[in-house]
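Chain residues, written in single-letter form:
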Amino acid sequence: MSSDLPQGYRRVAEGRIRENVGLGYGDFTIGMIIEHRPGRTVTETDNLLGTALTGNVAPIHTDAHYSSTTEWRQTLVCSGVTLNIVAGMTVRSTSGLTIANLGLDEVRFENPVFVGNTLYAETEIVDRRLSKSRPEHGIVTCQTSGFNEDGKRAVKFTRTFLVPTEPETVRAATNY
């Protein structure tokens, strides 16, 4: 890689660069923390689509009048929506080249999320090892937290996924 390239890019032809998506196994080190940007402001549409797709009919997520009578005094964003937004924010840098998610564990919702909150995510790499059954892949385990704009943690979870040990080979074969 040439030093005249911006970080996170590689040359694919003369006068042409491409963004890198995802890390390879060798890029992950235990204890590394990745701050994911940009943040993501949760919209009413996000919440309504998420509840509609899952069939979650709880009025706390869909009925503004009902929600106004609760301790929150407003519609609470469905926890599944929060989880999916935060997990999605991490993919570009952590598991963009993955071929499989292996586990989602220890999911905890610590503070409520409301329409209009902006979420930020960070991921700590907690384990990695080479796959025994797929030697061309490594298994990475990370712990991700999603925070609101005030720095309060809304969600925390552990995720394990399979990534290539040779990311450049995968990028070349897939045009990524």
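Residues numbered from 1 in each chain as written. Predicted model: local features only at pLDDT ≥ 70, side-chain atom pairs only at ≥ 80, totals over all residues. Heavy atoms only, no water.

*Asks:* Outline the overall build of the protein chain, supporting the account with residue identities and numerical values.
*Replies:* When helices and strands are counted, the protein chain shows 5 helices and 7 strands. In sequence order, the secondary structure elements of the protein chain are arranged as β-β-β-α-α-α-α-β-β-β-β-α. Counting only C-alpha atoms, the protein chain reaches 60 × 40 × 30 Å along its principal axes. Relative to its 176 residues, the protein chain shows a buried fraction of 37%. Put simply, of all contacts in the protein chain between residues at least 6 apart along the chain, 67% involve residues at least 24 apart. On the protein chain, roughly 10,100 Å² of surface is accessible, and the fraction owed to carbon and sulfur atoms is 50%. Charged side chains of the protein chain number 18 positive and 20 negative; the gap between the two group centres comes to 4 Å. (Helix = DSSP H or I, 4+ residues; strand = E, 2+ residues; numbered from the N terminus. Buried < 20%, exposed > 50% of the residue type's maximum accessible area, 1.4 Å probe, protein only. Contact = heavy atoms within 4.5 Å. Areas by Shrake-Rupley, 256 points an atom, 1.4 Å probe, with all protein chains shown as cover. Lys, Arg positive; Asp, Glu negative; His and termini not counted. Charge placed at Lys NZ, Arg CZ, Asp CG, Glu CD.)

*Asks:* Describe in detail the nonpolar core, supporting the description with residues and values.
*Replies:* By size, the foremost hydrophobic cluster in this structure holds 15 residues, and its most contacted members are Val-42, Ile-85, Val-86, Val-113, Leu-119 and Phe-157. Here this core takes 6 residues from helix 4 (residues 79–91), the largest share from any one element. In contact with Phe-157, other than residues within four places in its own chain, are Leu-83, Val-86, Ala-87, Leu-104, Asp-105, Glu-106, Val-107, Cys-142, Gln-143 and Thr-144. By size, the runner-up hydrophobic cluster in this structure holds 7 residues, among which are Tyr-25, Phe-28, Ile-125 and Val-140. (Core = buried A, V, L, I, M, F, W, Y, C linked by side-chain atoms within 4.5 Å.)

*Asks:* Could you give an account of the sheet that holds strand 3 (residues 33–41), naming the residues involved and the relevant values?
*Replies:* Within the open sheet, the 5 strands sit side by side as 3-5-6-7-4. Their pairing is antiparallel. Each edge of the sheet is formed by a strand with only one pairing partner; in this case those strands are strand 3 and strand 4 (100–109). The mean inter-strand angle of the sheet, taken between neighbouring strand axes irrespective of direction, is 20°. The sheet strands contacting helix 4 are strand 3, strand 4, strand 5 (118–130), strand 6 (137–147) and strand 7 (153–164), and the helix crosses strand 5 at an angle near 65°. (Pairing = 2+ DSSP bridges. Axes fitted to C-alpha atoms, helices over the stretch in contact; angles between N-to-C directions.)

*Asks:* So what's going on with the packing of aromatic side chains? Residues and values would help.
*Replies:* Under the defined criterion, the tally for this structure stands at 2 aromatic pairs. Judged by centre distance (6.1 Å) and plane angle (65°), the ring pair of Phe-28 and Phe-161 falls under edge-to-face. Of this pair, Phe-28 sits in the loop between strand 2 (16–19) and strand 3 while Phe-161 sits in strand 7; the two residues are 133 residues apart in sequence, bridging distant segments of the chain. Judged by relative accessible area, which is 1%, Phe-28 ranks as buried. Positioned above the aromatic ring of Tyr-25 is the side chain of Arg-128, whose terminal nitrogen or guanidinium carbon lies 4.2 Å from the ring centre. (Phe/Tyr/Trp six-rings, centres within 6.5 Å; stacked < 30°, edge-to-face > 60°. Lys NZ or Arg CZ within 6 Å of the ring centre and 35° of its normal.)

*Asks:* Let's hear about helix 4: which residues, and what values?
*Replies:* Because each turn of an α-helix spans 3.6 residues, side chains separated by three or four positions end up pointing in the same direction. For helix 4, with 13 residues, the first-to-last C-alpha span of 19 Å sits near the 18 Å given by 1.5 Å per residue. What helix 4 keeps buried is the set Val-81, Thr-82, Leu-83, Ile-85, Val-86, Ala-87, Met-89 and Thr-90. Considering only its buried residues, helix 4 is in contact with strand 3, helix 1 (44–54), strand 4, strand 5, strand 6 and strand 7. (Expected span 1.5 Å × (residues − 1).)

*Asks:* How would you summarise the layout of surface pockets if you had to cite specific residues and measurements?
*Replies:* Taken as a whole, the largest pocket spans an internal volume of roughly 450 Å³. In terms of lining, the largest pocket is formed by 20 residues, of which the most central are Gly-8, Asn-20, Gly-22, Arg-92 and Ser-93. Counting only elements with at least two residues in the lining of the largest pocket, the list comes to strand 3 and helix 5 (167–174). Top element by residues in the lining of the largest pocket is strand 3. It accounts for 4 residues. The class makeup of the residues in the lining of the largest pocket is 7 nonpolar, 6 polar and 7 charged. (1 Å grid on protein atoms, 1.4 Å probe; cavity = no way out; pocket = protein on both sides within 12 Å on 5 of 7 lines; lining within 4 Å. Points joined across faces, edges and corners; volume = space filled by probe spheres on them. Nonpolar A, V, L, I, M, F, W, Y, C, P; charged D, E, K, R; others polar.)

Any functional reading would require information beyond the geometric quantities listed.
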